[in-house]
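# Tertiary structure, described
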Amino acid sequence: MDPFSSPAPSNGSSGPSTEALMDQVKAQLAQAYAEEFLETVRSKCFSKCITKPGTGLSGSESSCISRCVERYIEATRIIGQALFNSPR
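Residues numbered from 1 in each chain as written. Predicted model: local features only at pLDDT ≥ 70, side-chain atom pairs only at ≥ 80, totals over all residues. Heavy atoms only, no water.

- You'll find the chain entered in an unreviewed UniProt entry as Mitochondrial import inner membrane translocase subunit, with Elaeis guineensis var. tenera given as the organism.
- The Sequence similarities (unreviewed entry) field of the UniProt record for the chain holds the comment "Belongs to the small Tim family." (UniProt positions renumbered as here; feature names shortened; annotations may be inferred.)

Rendered as structure tokens:
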């Protein structure tokens, strides 16, 4: 079944409820956002922190990656709060 299909309703209605569709869209958006966030963090932090790719991370590279990811998470949290708490 593709992500836009839903099982046939058993209650005799003509299709899924609006609430069910909204939940599905929200889940798909959350997944897409998470994938984009991880790819951005991975590419930005890798290019910033890994100076000599090899079989393992040096202590400074590992520390840099940790700080970089923490900054992205914190920045995303702050932006999210500003967007959702702003007056409309």
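### Here we look at the nonpolar core
- Counting six residues, the largest nonpolar core consists of Phe-37, Val-41, Cys-45, Cys-49, Cys-64 and Cys-68.
- Mapped by element, the contributors of at least two residues to this core are helix H1 (18–49) and helix H2 (59–85).
- At four residues, the largest contribution of residues to this core is made by H1.
- Once you skip the residues sitting within four places of it in the chain, Val-41 turns out to touch Phe-46, Val-69 and Tyr-72. (Core = buried A, V, L, I, M, F, W, Y, C linked by side-chain atoms within 4.5 Å. Buried < 20%, exposed > 50% of the residue type's maximum accessible area, 1.4 Å probe, protein only. Helix = DSSP H or I, 4+ residues; strand = E, 2+ residues; numbered from the N terminus. Contact = heavy atoms within 4.5 Å.)

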